[in-house]
Protein chains: 2
Amino acid sequence: MKALQDKIVNEGKVISEGVLKVDSFLNHQIDPQLMKKIGQEFAELYKNEGITKILTIESSGIAPAVMAGLLLEVPVVFARKSKSVTLIDNLYTTEVYSFTKKVTSTLTVSKDYLTEDDVVLVIDDFLANGEAAKGLIHLIEQAGATISGIGIVIEKGFQQGGQVLRDKGYRVDSLAIVSSLENKEIQFS
Amino acid sequence: MKALQDKIVNEGKVISEGVLKVDSFLNHQIDPQLMKKIGQEFAELYKNEGITKILTIESSGIAPAVMAGLLLEVPVVFARKSKSVTLIDNLYTTEVYSFTKKVTSTLTVSKDYLTEDDVVLVIDDFLANGEAAKGLIHLIEQAGATISGIGIVIEKGFQQGGQVLRDKGYRVDSLAIVSSLENKEIQFS
């Protein structure tokens, strides 16, 4: 996706060979116009797949997921990273380790909002080691729902998450795949 | 806002006289169509105010804020509830106590995304005791930016946050004001 690649090149900050910071339009400040275009891309890719629900994770997945949900006319559910006091039981849960933040979080989704009748499109901001995506897949499996595919805004192609998911047979659609951050240069594949 | 009130009546769950749960369309599952209408309301209310930025808090403020930002054609910044390892310094910070979750969090916003030139619309999902709104105001004050107003999806009119903010001279626009949850009935003012 050209507009996204341009934005990454113009505003992304390479912190190290593994870390790309896109706080100016996705992870802290959000560019709503770009999110709309991203939502359009996902909606176009999945418009004939009978999607009934989009599943994402708080917080950075919400904006692209809601824009896709608007066009696909389906609800968006965001998995929570910690348990809320008003939502104690009736939950699907899974543990996810973040290599970026070096913490394990518990992801939860209420059983009310994910059922065996759902055909789910997973949307997330980044795909690196694939831990978050695997956690979301585990939640969907607990519900007995169908996983249609995984839509990613930025995949780090030099980390193994995308390959692992594709090898397992999941459809993965990444709108930008960064192949290298070496020498502080952002390369796409 | 009629569509919002209807949704609250049809899907809101009164947990106690103080707690209204709207997990089916705002706080866990998100209704993108309703979020678009909410964004349109906020955009209409603030279209002539010279807004340059919307400030919200992760996670439930993001969807309505992004929809408003799309129409007002301004970026959305979400204050983070805990510090990220890739964003250590260069921050405005403030402490916020959540009466619902009974925890104090540190809200942070990067100095890169909020400056003295900004005219800010604050958007949040709920207004109850006003702690979150006061935290966001404190962040905006640290930046030396201008606060144009505070847009709230659901105000609990029986708690004092809205009154306190209005008494201080802030413009507060709540799309639905719940006046009572007594006897498990949702009343609007």
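Sequence positions are assigned chain by chain, starting from 1 and proceeding in written order. Numbering of ligands from 1 and lettering of chains from A proceed in the order in which they are written. Totals for whole chains, interfaces and linings use every residue, but because this is a predicted model, local features are given only for residues with pLDDT of at least 70 and side-chain atom pairs only at 80 or more, for both listing and counting. Only hydrogens and water are removed before side-chain values are computed, so all heavy atoms of the structure are retained for them.

Asks: Now, about the UniProt feature "binding site: xanthine" (unreviewed entry) in chain A: what can you tell me, with residues and values included?
Replies: Under the feature "binding site: xanthine" (unreviewed entry), the UniProt entry names Leu 20, Asn 27 and Lys 156 of chain A. Going along the chain from the N terminus, every DSSP run of H or I of four or more residues is numbered as a helix, and every run of E of two or more is numbered as a strand. With respect to the helices and strands, Asn 27 of chain A occurs in the loop between β2 (20–21) and β3 (29–30). In this structure Asn 27 of chain A touches Val 22, Ser 60, Asp 125 and Phe 126 of chain A together with Phe 78 and Arg 80 of chain B, once residues within four positions along its chain are discounted. Looking at the element boundaries, Lys 156 of chain A is found in strand β9 (residues 146–156). Exposure classes here rest on a 1.4 Å probe applied to the protein chains alone. A residue is buried below 20% of its type maximum, exposed above 50%, and partly exposed in between. Among the residues examined, Lys 156 of chain A registers a relative accessible area of 8% and is labelled buried. Between N or O atoms, a polar contact is any pair within 3.5 Å; within protein, one atom must be a potential hydrogen donor and the other a potential acceptor, and residues adjacent in sequence are included only when both atoms are from side chains. One polar contact links the side chain of Lys 156 of chain A to the main-chain carbonyl oxygen of Gly 18 of chain A, over a distance of 2.9 Å. UniProt positions are given in the numbering used here, feature names are shortened, and annotations may be inferred rather than shown by experiment. We call two residues in contact whenever any of their non-hydrogen atoms come within 4.5 Å of each other.

Asks: Would you mind going over the packing of aromatic side chains in detail, with residue names and values included?
Replies: The rule is short: rings of Phe, Tyr and Trp, with Trp giving its six-membered ring, pair when the centres are within 6.5 Å, and they are stacked under 30 degrees, edge-to-face over 60, tilted in between. For the coordinates displayed, the defined rule picks out 2 aromatic pairs over all chains. Ring geometry for Tyr 97 of chain A against Phe 99 of chain A: centres 5.0 Å apart, planes inclined by 85°, an arrangement best described as edge-to-face. You can call Tyr 97 of chain A partly exposed: its relative accessible area is 33%. The exposure class of Phe 99 of chain A is partly exposed, given its relative accessible area of 45%. Either the NZ atom of lysine or the CZ atom of arginine qualifies as a charge over a ring when it sits within 6 Å of the ring centre and within 35 degrees of the ring normal. Stacked on the ring of Tyr 46 of chain B, the Lys or Arg Arg 171 of chain B has its end atom at 4.0 Å from the ring centre.

Asks: I'd love a proper account of unusual backbone geometry, names of residues and values included.
Replies: Residue and element names in this part refer to chain A. Omega for the peptide link from Glu 58 to Ser 59 comes to 0°, which places this bond in the cis form. Inspection of the secondary structure assignment puts Ser 59 in the loop between β4 (53–57) and α3 (62–72). Even without being glycine, Glu 73 reaches a positive phi, approximately 60°. Of note, Glu 73 is situated in the loop between α3 and β5 (76–79). Positive phi values are uncommon outside glycine, yet Asn 90 reaches one of about 60°. Within the fold, Asn 90 resides in the loop between β5 and β6 (91–98).

Asks: Can you lay out the interface of chain A and chain B for me, pointing to particular residues and giving the numbers?
Replies: Residue-level contacts link 40 residues of chain A with 40 residues of chain B. Taking both partners together, chain A and chain B bury about 3500 Å²; carbon and sulfur atoms supply 62% of that area. Salt bridge criterion: a side-chain nitrogen from Lys or Arg within 4 Å of a carboxyl oxygen from Asp or Glu. On the surface where chain A and chain B come into contact, there are 4 salt bridges. Listing elements by their share of the side of chain A that touches chain B, those giving two or more residues are β3, α2 (32–46), α3, β5 and β7 (103–110) of chain A. Here the side of chain A that touches chain B takes 6 residues from α3 of chain A, the largest share from any one element. Considered class by class, the residues forming the side of chain A that touches chain B number 18 nonpolar, 12 polar and 10 charged. By definition, the buried area sums, over both parts, the 1.4 Å-probe accessible area that each loses when the two are put together. All amino acids are sorted into three groups, where Ala, Val, Leu, Ile, Met, Phe, Trp, Tyr, Cys and Pro are nonpolar, Asp, Glu, Lys and Arg are charged, and the leftover types, Gly among them, are polar.

Asks: Go over the side chain of Asp 173 of chain B, please, and point to the residues and values.
Replies: All names here are of chain B. With respect to the element layout, Asp 173 can be found in strand β10 (residues 172–180). Separated by 2.8 Å, the side chains of Asp 173 and Arg 171 make a polar contact. In contact with Asp 173, other than residues within four places in its own chain, are Phe 42, Leu 45, Tyr 46, Ile 150, Gly 151 and Ile 152.

Asks: An account of the pattern of salt bridges is requested, with residue identities and associated values reported.
Replies: Residue and element names in this part refer to chain A. The final tally for this structure, using the stated rule, is 22 salt bridges over all chains. The salt bridge partner of Lys 7 is Asp 31, with a shortest N-O separation of 2.9 Å. With Lys 7 in helix α1 (residues 2–11) and Asp 31 in the loop between β3 and α2, this residue pair connects regions lying 24 residues apart in the sequence. On the basis of relative accessibility, which here comes to 19%, the residue Lys 7 falls in the buried class.

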